[in-house]
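Spelled out from the first residue to the last, the chains are:
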2 protein chains.
Amino acid sequence: MRTYPGWSPPPRTIMTPGPVEVDPRVLRAMAAPIVGQFDPAFTSLMNTVMDQLRDVFQTTNRWAYPVDGTSRSGLEAALVSLIEPGDTVLVPIYGRFGYLLHEIASRCGAQVIALSCEWGRTFAPETIVSAIRTHQPQLVAMVHGETSTGQLQPMDGIGSACREVGALLVVDAVATLGGVPVQTDAWQLDAVIGGTQKCLSVPAGLAPVTYNGRAEAKLLQRKRIERGLRAPAAAATAVEPTAAVRESLASDAIRSNYLDLSQLQDYWSPARLNHHTEATSMIYALYEGLRLVTEEGVEARWARHRQHEEALVSGIEAMGLTLYGDRRTKLPVVTCITIPDGVDGESVRSMLLDRFGLEIASSFGPLQGKIWRIGTMGYSCSMRNILFTLGALEAVLTWHGVPVVAGAAVQAALRVYEGQAVEAEERVQA
Amino acid sequence: MRTYPGWSPPPRTIMTPGPVEVDPRVLRAMAAPIVGQFDPAFTSLMNTVMDQLRDVFQTTNRWAYPVDGTSRSGLEAALVSLIEPGDTVLVPIYGRFGYLLHEIASRCGAQVIALSCEWGRTFAPETIVSAIRTHQPQLVAMVHGETSTGQLQPMDGIGSACREVGALLVVDAVATLGGVPVQTDAWQLDAVIGGTQKCLSVPAGLAPVTYNGRAEAKLLQRKRIERGLRAPAAAATAVEPTAAVRESLASDAIRSNYLDLSQLQDYWSPARLNHHTEATSMIYALYEGLRLVTEEGVEARWARHRQHEEALVSGIEAMGLTLYGDRRTKLPVVTCITIPDGVDGESVRSMLLDRFGLEIASSFGPLQGKIWRIGTMGYSCSMRNILFTLGALEAVLTWHGVPVVAGAAVQAALRVYEGQAVEAEERVQA
C-alpha cells in the first residue's frame, strides 16, 4: 500500500455562497470524543439541538431536527416523504435551485407544474398565489433565497393560498436560514429546509428541517415500521430457507428509507426507534454553531448580514462594476456582479485564489461566465473579509486591464462602516 | 431566546458495534479550517481519498468514494441506483440488517425474494448459489457481517453464480470494512458499502462505496443530468410564467437525486459536475482515518481485530458466560453473549454505563433482552479496553447476583495477550 502525508488546508478567505468559513469554536467542538448514539448524554444533546433549531426556524413546531446529509438530502427528505406518486406539485422557478426542486419532485413521481420567470428576478407573490388557485396542487415547493441568481422571493400570501386549496408548502431556506429572516410559523410554511454550511457557518453534512402538524399528518398516513424492527419472530426461528411471496410496495408508501421523515422523527422522538447512526461529530458542530447564533441573537445576526452587504455593495459600485439582478429583491447574503465585457471571469477567480487565497464563485447554466457571486454568510461575513475582498478584487481586475477606480472600493466600504459606527454611537448616546 | 451552555462529552469506553471511539488524530483533523468544495486543494484531497478507499476495499475499481450520509445512505444509494422498479432482487436474511436490505429494495420498487435462516447462523454458500440459479434475479443484496447476531457470511462462489445469471451482487460490508477481510475484486462483488463509524473508527456521517464496471454500465443506462445543469437557456429568458407540460419520469430513471450514484460519480470525477456540497470536515476525518489504516497495514489491522477477539472471548468464557450463535461463522468484530436466565440485561448495561462509563449493546427484534453485544472495532479494539470491559462486566454481573468466577476473565485475557507476546518474540528470534 501507498503511504499518505499529513494534510493541512491552505489558508483561505471564503466568500462564496457556501461552504463558508467556520468559527474556530465550532471546529474545536468536532474534536471532542465520540459518545454512543443512545448514550443519555448524547440523546439529551440531540433534544437541545431540536430546541435550538426551533429558535432559528422561528417556530413552535414539534419537529425540528437535522437530516444526516448535505442540504439537498433535506430537500429530498421533505419531498419524497410528502409527495405521493401522481401528486400535482407546483414549482415556481427563478434560478438553478428551483430546477433542482423540479428535478427531485419529478423523481418522487410527481406531476410537476413548473412556473418560470426571468433569471435575476423573482415572482410577484400574486403570480404564485394565482397559480396555486388555478392548479390546486397537493404541494408547492419553492426556493426562498436563490443563490444562483442572488434573489430573495417575497413570500406574502403564499402560505395562506396553500391552506385555501389544501396544499402543503415546502420551502428551501438553505441559503437564508440564520442570515435572513425565515419566519416558519408567521409565513405558514409547512416544511422548511435549512443549510449548515451557509449562514449557520457549520460544515456541510447536515440538513436542518422543520415541519408542522399538517405535514406530519401526511407522513403518518404513509408511515410504516421497517422490517427488522417489526419483531419478525417467525424468521428468527425458521431453519429452512424459504422463498417469500413476491410482494409489491403499497403505492402510497414512502419510497426512501434513509430519507423517510416518518422514520426520522421516531428516531428523534423519546421512542428513539433505531434508524441510522447519528453523525455524532456533526451534531457537536451544529450545537456549537447554533449556540453562536443564540449568543449573537438571531435578529442581530440578520442585521449583521445586512450591514456587511451594504459595505460590499458600496465598494463594488464605487469600483465601477454593475450588480446583476433586480435590486428590489436582492438576496442580502449573495451579491452577483456582471462580469465586464471581454473579461475572462475564470481567470479573475483563479488569480484571486492563487495569489490572494480568496475564493469567490461563478454561477450555473445560462449564467456561467456571465456573473461572479460573492457570498456574505455566517463567519465569513465580517468587516475584515469584506475589506480584503474589495482590495483583492480591485487589484486583480486592474491586472486584467479592467478600468476600475483605484482605491475607491475600500474607501466606500470604510465610509459605510465608519458611518454605521457613528450611528451606533449616536444610538447609545440617545 | 434561551442560552445554551458549553458541552463536553462524558468520558466513555465504547464497546458497541458502532459508533466506536475515534483516534485523536482523526478528531483533530476535523478541527482544520474549511476550504471550498471546488478548491484545487480540496479536490486533490478527494482524489487521494478515492485511492485510499481502493486500498481498503481491495479493489482496482475506478469508483470508490463516500456517499454523504450515514452507512445506510450508501446502501440505499447502491440499491436505488441499481434496481429498476419491477426487478427481481434476492435477499438472503440472517439478521436485522438483511431485513433492512429487504426493506430498502422493496421501497425501490423491487420484487424481493427473501431467503431466511435461523438467527445466529449464516447460509451455506451453496444455498445462496442455488437460489440464485433458481430465481435468476437481476440483483442479489446481502450482508457480509451481521452485527445484530454477530455472524459473518461466507462468500464462496456467490460472486461467480451472480455472473452466471447476469445478476449484480451488492454487499453490505458496513461492519466488516477495515476489521475483517473484504475482498471486493477477488470475491467478484459488484458494489460494496462500508461504514466509517465501525472498524474504520471515523465518526458516522459518510458511507464509503465502491462498484465495478458491471454496476457502472447499469448506472449509465439510467443516467440523466439534472435540471438546472442542462443549460436551460429558454427558461432564463422567458419573462411570463408559463405552465409546463405535465410530465412523468421515465420508468427506468433513478428515483433519487441525492443518492444517485450516476450523479455522484460525475461529482467525484474530473468533470466535478455540481451536485451536493461535499462534507468538508468529514472528508478530513476520513482521510486521516484511512491514513491510520495504511500506517497499520490492512492485514495487520485484520490480525489485531482477531487478536483482541480471542482475548475477549477467552475472558467471557472463563467468567462462565455463554456465547450466542454459531462459533464457526462468528463475526470477529462483534461478540454476542447470551444473557443469563433471570438477569435484566438492561440493568446490567445501565450500571456499566453509569458506574464505569462503559457502553455495550443490546440487540434487535427477537434478540432484544436475549443477548448483549460487545464490539471490538477500530480504535476501541485495544488491550486496555478489553481488560477494562472484562473487569467491569464481571463486577456488574456479580453485583446482579450472577455466579461468575471471580477474577478469571481478566486473567484469561492476560494469558492470551502474554502468550501472543511470547509468540511474537519467538517469531522475531526465528
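The following paragraphs examine the structure supplied in this document. (Residues numbered from 1 in each chain as written. Chains lettered and ligands numbered in written order. Predicted model: local features only at pLDDT ≥ 70, side-chain atom pairs only at ≥ 80, totals over all residues. Heavy atoms only, no water.)

**Overview of the overall build of chain A**
Threshold: Helix and strand assignments come from DSSP, with helices taken as H or I runs of at least 4 residues and strands as E runs of at least 2, each series counted from the N terminus. For every residue, the accessible area (1.4 Å probe, protein chains only) is compared with the maximum for its type, and the residue is labelled buried under 20%, exposed over 50%, or partly exposed between those bounds. By the convention used here, residues are in contact when the closest approach between their heavy atoms is within 4.5 Å. Only the protein chains shown count as cover for residues, and the accessible areas themselves come from Shrake-Rupley with a 1.4 Å probe. Neither His nor the chain ends is counted toward charge; the positive residues are Lys and Arg and the negative residues Asp and Glu. Every charge is mapped to an atom, namely NZ of Lys, CZ of Arg, CG of Asp or CD of Glu.
Scanning chain A from terminus to terminus reveals 14 helices and 13 strands. In terms of its C-alpha atoms, chain A occupies a principal-axis envelope of roughly 80 × 55 × 55 Å. Residue burial in chain A is summarised as follows: out of 430 residues, 66% are buried. Restricting to contacts in chain A with at least 6 residues of sequence separation, those with at least 24 account for 74%. Of the accessible surface of chain A, which amounts to about 14,300 Å², a share of 52% is contributed by carbon and sulfur atoms. Across chain A, the mean location of the 37 positive side-chain charges is 4 Å away from that of the 44 negative side-chain charges.

**Quick notes on the sheet that holds strand β2 (residues 63-67) of chain B**
Residue and element names in this part refer to chain B. The test is simple: Two strands form a pair only when DSSP identifies at least two bridges running between them. Axis lines are fitted to C-alpha atoms, over the contacting stretch for helices. Their N-to-C directions set the angle, which ranges from 0 to 180 degrees.
The sheet built from 7 strands is open, its strands ordered β2-β10-β9-β8-β5-β3-β4 with mixed pairing. Across the chains shown, the open sheet's two edge strands, defined by having one partner strand only, are β2 and β4 (111-116). Shown here is a sheet whose adjacent strand axes are inclined to one another by a mean of 20°, direction ignored. With 3 bridges connecting them, strand β9 (residues 191-194) and strand β10 (residues 207-211) associate as antiparallel partners. In the strand pairing of β10, Ala-191 is matched with Tyr-211. Lying over the sheet, helix α4 (residues 96-107) contacts β3 (88-93), β4, β5 (139-143) and β8 (168-173), oriented at roughly 165° with respect to β3.

**Thoughts on the environment of Ala-191 of chain A**
Residue and element names in this part refer to chain A. Along the polypeptide, Ala-191 turns up in strand β9 (residues 191-194). Sequence separation between Ala-191 and Pro-24 is 167 residues; the distance between their C-alpha atoms is 31 Å. Apart from the residues lying within four places of it in its own chain, the contact partners of Ala-191 are Leu-82, Leu-169, Val-170, Val-171, Thr-210 and Tyr-211.

**Some remarks on the side chain of Thr-335 of chain A**
Residue and element names in this part refer to chain A. What counts, and what does not: The definition of a polar contact used here is a pair of N or O atoms within 3.5 Å, where within protein one atom must be able to donate a hydrogen and the other to accept one, and adjacent residues in sequence count solely through side-chain atom pairs.
Checked against the element boundaries, Thr-335 lands in strand β11 (residues 334-338). A polar atom in the side chain of Thr-335 sits 3.0 Å from the side chain of Lys-330. Setting aside residues up to four positions removed in sequence, Thr-335 forms contacts with Glu-309, Leu-312, Val-313, Leu-323, Lys-330, Trp-372, Arg-373 and Ile-374.

**As for the pattern of salt bridges**
All names here are of chain B. What counts here: One speaks of a salt bridge when a side-chain nitrogen belonging to Lys or Arg is within 4 Å of a carboxyl oxygen belonging to Asp or Glu.
Evaluation of the coordinates by the stated rule reveals 50 salt bridges over all chains. The salt bridge partner of Arg-133 is Glu-164, with a shortest N-O separation of 2.8 Å. Of this pair, Arg-133 sits in helix α5 (residues 125-135) while Glu-164 is found in helix α6 (residues 158-165), placing the two residues 31 residues apart along the sequence. Glu-309 is paired through a salt bridge with Arg-306; the nearest N and O atoms lie 3.3 Å apart. With Glu-309 and Arg-306 both in helix α11 (residues 298-318), this residue pair falls 3 residues apart, about one helical turn.

**Side note on the packing of α11 of chain B against helix α13 (residues 383-399) of chain B**
Residue and element names in this part refer to chain B. Note the cut-off: Here roughly perpendicular refers to angles of 65 to 115 degrees, roughly parallel to angles under 35, roughly antiparallel to angles over 145, and oblique to all remaining angles. Working rule for handedness: look at the near helix, and if it is turned counterclockwise from the far one by less than a right angle, call the crossing left-handed; if clockwise, right-handed. Three classes are used: nonpolar for Ala, Val, Leu, Ile, Met, Phe, Trp, Tyr, Cys and Pro, charged for Asp, Glu, Lys and Arg, and polar for all others, with Gly counted as polar.
The N-to-C vectors of α11 and α13 enclose an angle of 15°; their axes lie 10 Å apart at closest approach. As summarised for this structure, α11 and α13 are arranged roughly parallel, according to the angle between their axes. The element α11 and its partner α13 pack so that their crossing is right-handed. Between α11 and α13, the residues in contact are His-308, Ala-311, Leu-312, Gly-315 and Ile-316 and Met-383, Ile-386, Leu-390 and Leu-393, respectively. Looking at the contact of α11 with α13 residue by residue, the classes come out as 7 nonpolar, 2 polar and no charged.

**Some details on the interface of chain B and chain A**
Rules: In this description, buried area is defined as the sum, over both parts, of the accessible area (probe of 1.4 Å) that is lost when the two are combined.
Listed as interface residues are 115 residues of chain B and, on the opposing side, 115 residues of chain A. For the pairing of chain B and chain A, the buried interface totals around 10,000 Å² over both sides, and the portion due to carbon and sulfur atoms is 58%. The tally of links between chain B and chain A comes to 10 salt bridges. Notably, a salt bridge pairs Arg-107 of chain B with Asp-260 of chain A, separated by 2.7 Å at the nearest N-O pair. Joining chain B to chain A, the criterion identifies 36 residue pairs in polar contact (both at pLDDT 80 or more). Looking at the side of chain B that touches chain A, the elements with two or more residues in it are α1 (24-30), α2 (40-57), α3 (71-82), α4, β4, α5, α8 (233-237) and α10 (280-296) of chain B.

**Looking at the relation of the copies chain B and chain A**
Applying a rotation about an axis and a shift along it to one chain copy brings it onto the other copy. Under the convention used in this document: Alignment of the copies relies on least squares applied to C-alpha atoms, considering only residues that score at least 70 for pLDDT in both.
When chain B is fitted to chain A, the residual RMSD is 0.0 Å, and the transformation amounts to a turn of 180° plus an axial shift of 0.0 Å. Both copies are brought into coincidence by an operation consistent with a two-fold rotation axis. Taking the C-alpha atom as reference, chain B places Gly-69 of chain B closest to the rotation axis, 2.3 Å from it. Mapped onto chain A, 100% of the interface residues of chain B are again interface residues, and the two copies thus contact each other with one and the same surface.

**Considering unusual backbone geometry**
In this chain, Gly-18 of chain A is followed by Pro-19 of chain A through a cis amide linkage whose omega measures 0°. Its place among the elements puts Pro-19 of chain A in the loop between β1 (13-14) and α1 (24-30). Residues other than glycine seldom take positive phi values, yet Gln-188 of chain B does so here, at roughly 55°. Position of Gln-188 of chain B among the secondary structure elements: in the loop between β8 and β9. Of the residues examined, Gln-188 of chain B reaches a relative accessible area of 26% and is grouped as partly exposed.

**Here we look at the sheet that holds strand β5 (residues 139-143) of chain A**
For sheets, the rule is that strands pair by backbone hydrogen bonds, running either parallel or antiparallel. Residues and elements named next belong to chain A. Reading across the sheet, the 7 strands line up as β2-β10-β9-β8-β5-β3-β4 and stay open at both edges, with mixed pairing between neighbours. The open sheet has two free edges, formed respectively by β2 (63-67) and β4 (111-116), since each of these has just one partner strand. Each strand axis lies, on average, 20° off the axis of its neighbour in the sheet, ignoring direction. Packing against the sheet, helix α2 (residues 40-57) makes contact with β2, β9 and β10 (207-211), and its axis sits at approximately 105° to β2.

**Here we look at helix α14 (residues 408-429) of chain B**
Residue and element names in this part refer to chain B. How we decide: Multiplying 1.5 Å by the residue count of a helix minus one yields the expected span of that helix.
With 22 residues, α14 ought to run about 32 Å at 1.5 Å a step, and its terminal C-alpha atoms sit 31 Å apart, in line with that. Buried residues of α14: Ala-408, Ala-409, Ala-412, Ala-413, Val-416, Tyr-417 and Gln-420, and no others. The secondary structure elements touched by the buried residues of α14 are α11 and α13.

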